[in-house]
Amino acid sequence: MGNLLLNIAFASALLASICYFISNGGKEKFIRYGRMFYHIAAVLVISSAAYLLYLIITHQFQLTYVWNYSSRDLPWNLLISTFYAGQEGSFHLWAFLTAVLGVFLLSYLANRDIEIKSSNYKEKYEPLVMGLYSLILSFLAFILVIKSPYLMVWESFPNDVAVGFVPEDGRGLNPLLQNFWMTIHPPVLFSGFTALAVPFCFAITALIKNEYSRWMKLGLPWTLFGGMILGLGIMLGGYWAYGVLGWGGYWGWDPVENSSFVPWIVVVAAIHTMVSEERTGKFKKTSLILCITAYLLVLYSTFLTRSGVLGDASVHSFVDPGQEVYLFLIVFLSLFGGGGIGLVLFRLKSLRTAPSEQQSQLLSRESALFVGAITLCAAALVIAVGTSWPIIAKGTVEPEFYNRMNLPLAILIASINGFSMLLKWRYSEEKQFLKSLYIPLGFTALITIVLVIIGVRDFIIALLAAAAFFALFINLEIAYRIFTKDKVKAGPYIAHMGLMILFLGIIGSARYSEEVNVSLPLNETKHALGYNMTYKGATPIKGDEEKFHFNVIVEKEGRGFLLQPVMYYSEYSEGVMKNPDIANLVVKDLYLSPMALETPQDFSSSDMLSLKKGEEKEIHGMKVKFVNFDMSKFDREAMQEGKDNKDNIMGAEIEVTMDGKTQKVIIEQKITSAGAENIPSKISDNDKHTFYLLNMSVSGESAVEIAVVNDSIPKSDAPETLVLTASIKPFINLVWGGTIIMVLGFFASLLRRYRLIKSGHRKAERNTDSSSGHSKNGSRKKKSHLQEQD
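Residues numbered from 1 in each chain as written. Predicted model: local features only at pLDDT ≥ 70, side-chain atom pairs only at ≥ 80, totals over all residues. Heavy atoms only, no water.

**Considering the sheet that holds strand S8 (residues 581-584)**
Put simply, the rule reads: DSSP calls a pair of strands paired once it identifies at least 2 bridges connecting them. Secondary structure elements are defined from DSSP: runs of H or I of at least 4 residues count as helices, runs of E of at least 2 residues count as strands, and each element is numbered from the N terminus. Here, axes are lines fitted to C-alpha atoms. For helices the fit covers the stretch in contact, and angles between N-to-C directions go from 0 to 180 degrees.
Read across the sheet, four strands follow the order S1-S19-S9-S8 without closing on themselves; strand pairing throughout is antiparallel. Single-partner strands in this sheet number two, and they are strand S1 (514-521) and S8. Along the sheet, successive strands turn relative to each other by an average axial angle of 20°, direction set aside. Relative to strand S19 (residues 721-730), strand S9 (residues 588-598) runs antiparallel, the two sharing ten bridges. Residue Ala-596 lies in a different strand from S19, and its bridge partner there is Val-723.

**Thoughts on the sheet that holds strand S10 (residues 608-612)**
Backbone-to-backbone hydrogen bonds pair the strands of a sheet. The strands run either parallel or antiparallel. Ordered in space as S10-S18-S17-S16, the four strands form an open sheet in which the pairing is antiparallel. Each end of this open sheet is capped by a strand with a single partner; those strands are S10 and strand S16 (681-683). Averaged over all pairs of adjacent strands, the angle between their axes in this sheet comes to 35°, without regard to strand direction. The pairing of S10 with strand S18 (residues 703-710) spans five bridges and is classified as antiparallel. By the bridge assignment, Met-608 is partnered in S18 with Ala-707.

**Quick word on unusual backbone geometry**
Here the phi dihedral of Phe-283 falls at roughly 65°; this positive angle occurs in a residue that is not glycine. The residue Phe-283 is located in the loop between helix H11 (255-280) and helix H12 (284-306) in this model. Non-glycine residue Asn-523 carries a positive phi angle of around 65°. Position of Asn-523 among the secondary structure elements: in the loop between S1 and strand S2 (525-528).

**Concerning the confidence of the model for the protein chain**
Going by this rule: Per-residue confidence from the predictor is given as pLDDT, running between 0 and 100. For this analysis, residues touch if any pair of their heavy atoms sits within 4.5 Å.
Looking at the protein chain as a whole, its pLDDT mean stands at 85, while 89% of the residues score no less than 70. Here residues 313-317 is a poorly scored stretch, pLDDT under 50, and it has 16 contacts once near neighbours within four places are set aside; other chains count. pLDDT under 50 marks residues 768-790. Its contacts with residues more than four places away, or in other chains, come to one contact.

**A short note on the side chain of Lys-547**
Within the element layout of this structure, Lys-547 appears in strand S4 (residues 544-556). What Lys-547 contacts, discounting residues up to four positions off in sequence, is Gln-178, Thr-539, Pro-540, Ile-541, Met-567 and Tyr-568.

**Here's the deal with helix H10 (residues 215-244)**
Stated precisely, the cut-off is as follows: To estimate the expected span of a helix, count its residues, drop one, and scale the result by 1.5 Å. One axis is fitted to the seven residues ending at the residue and one to the seven starting there. The bend at that residue is the angle between these axes. Burial classes follow relative accessibility: with a 1.4 Å probe on protein chains only, a residue under 20% of its type's maximum area counts as buried, one over 50% as exposed, and anything between as partly exposed.
With 30 residues, H10 should cover 44 Å at 1.5 Å per step; its first-to-last C-alpha distance of 43 Å lies within 8% of that length. Roughly 25° is the biggest bend found in H10, and it falls at Pro-221. Most of H10 is tucked away, with 25 of its 30 residues classed as buried.

**Digging into the side chain of Glu-88**
Inclusion rule: Positive residues here are Lys and Arg, negative ones are Asp and Glu, while His and the chain termini are left out of the count. Put simply, a salt bridge is a Lys or Arg side-chain nitrogen that is within 4 Å of an Asp or Glu carboxyl oxygen.
The residue Glu-88 is located in helix H5 (residues 87-112) in this model. Buried charge without a partner: Glu-88 forms no salt bridge, and the closest opposite charge is Lys-147, 4.0 Å away. If sequence neighbours within four positions are ignored, Glu-88 has contacts with Tyr-65, Leu-144, Lys-147, Ser-148 and Pro-149.

Following this line, the structure appears as structure tokens:
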């Protein structure tokens, strides 16, 4: 049933696109068919998503996708999140969100097109915008047709699994994904990807129509929405990494992280040029190109992360999806990329700015915003090149490359933002502008001096902090004045404030972080980073006895708290998983990341020796040589039957040379069903040393591992020791707080745009009713006049 839903959804989306394109040619009746087929496609994609979710929740492990990513022991929220844990599911999530958003887009366009009279049908935006959008949905649906989440296990593994076989349980979810944020981060991120398709469709429509007066007003709210949601999704991913992965950071310049960051930078640049175009009529080409590029970068990031080309360069990358999907992703990217670039080139003449609009003063807000947009694009280009380096040169780029290249650009972005807010549209008087700089620059200089006094010695870091404070102060002042009159009008300034606070948080938490490795013996207090830390042992996690909290009491100045980093062995990843614990201390975080647990050993490394047959080595003042195996007491049949036979002993003959005297000794190991038991052996005239056989290698090159213990040295009673990395993250809360403030600024701007559009729609309806009334009155007057003539 799932495959049937997807096949019909693909056909319906394609038919919707065709009908919409036909209707754009003047055959208005086809718009009804386009709407009908789009709604059918949307309902089927949503139904398929609900059906797949039902199969996951009811543990239908006969489906490869359900078996591969879910299991019976997962809590309900993580069980639901397995919907998008793999390639097929993440594509389905994207298609689902595209279908849902398209329903709202269709309604939005239908209402906006009320403003267009029926005689000017070709000026309406719904046919082309929804035609393009339906085509995008059809592409996503087709990927699900060729990469279906509904394959049975016997179809995926025909040589290993019989038809009709149902596994008892699934493989489960990757331990790194078993986190609360798994239920939120991917849907938010994909919502951002989906939203960027809308300004792309508006821009392409404007180019096809060769009409540029409406697209920006219609597309700007969606561009704001895409920037808001995608930015939030990116930072949710950073917060997740910070709290789970244990490496102490929230952004590692991983290629997959970058591939979502680059479209966000470009769409933010597009928002600023669109605002400039709205106010001055300039930057039409720039706005169109940026809206098109932002979505093309989404498709490019999809290719990078889903094609398998970053398999060795990123921990987040998916495996190779197969040749069909790989080729189709290239077609998807090439069609929309080539079409968009081709249209821009085709319309270059008509996109030239009118002579009346070409005059531009250097001291104007639009000029500053344009320079800011160019700077943002430069940052996007740097990151895009570094991200694509595994394809370009078959290598990877170190994080330091991104830090070194983007730091000057960040200073420029913050500085330009501050200056632009003091400039007026079209023209600003130089004296007035310079006068407006006195207080912000004075405030910035004072803050910078304080930072230098308290320890900021890196010049470029101090410059970034100064630029961020400069822009923060200006935006705060303007936002306060506007907020008291109309709250939503302060949206852009609030968003800028959030970004500057985020910059300051990055400076504090990344540049001035302190880190140290600490070994904490059980119940023994150690001092690190100004805190006393005491390891109090491990306790199993309630509800999951295989995972353990490692309890560390942290004290300072008479105040204490408990931190519980987690370590456990994962059969899924066949390794030890480690999760940090974090104490949020308002102005900083104390971050404890577990590294290892050292338990008391029977033998120290200095007592152990590996010997190949015939090899001689020196240990504790004597020479030891491995001569041969001694299997005279070994009963292979008893071992295979699991019998604990006292004579089931494996041995090795060694020669020990000490003080010029050589002796032979047999060292032995008893084999039982419970494991191996080391039997102590000694040589004559030497009570100091005891010999143990630890391991034997009888296949391939013969070798043994032995231990020689000096009994005259007391054994160490060292307790178990927790080894962890402790770090201080100053002002990390500014990163999260700045993100929240920035998103709130986006939301306020979006709300204002919605109100403006809504008021414009009401005005259009009134004008329509009014013109209708005038028409009726006119016809009555004409009829009356004719009657008088008769």
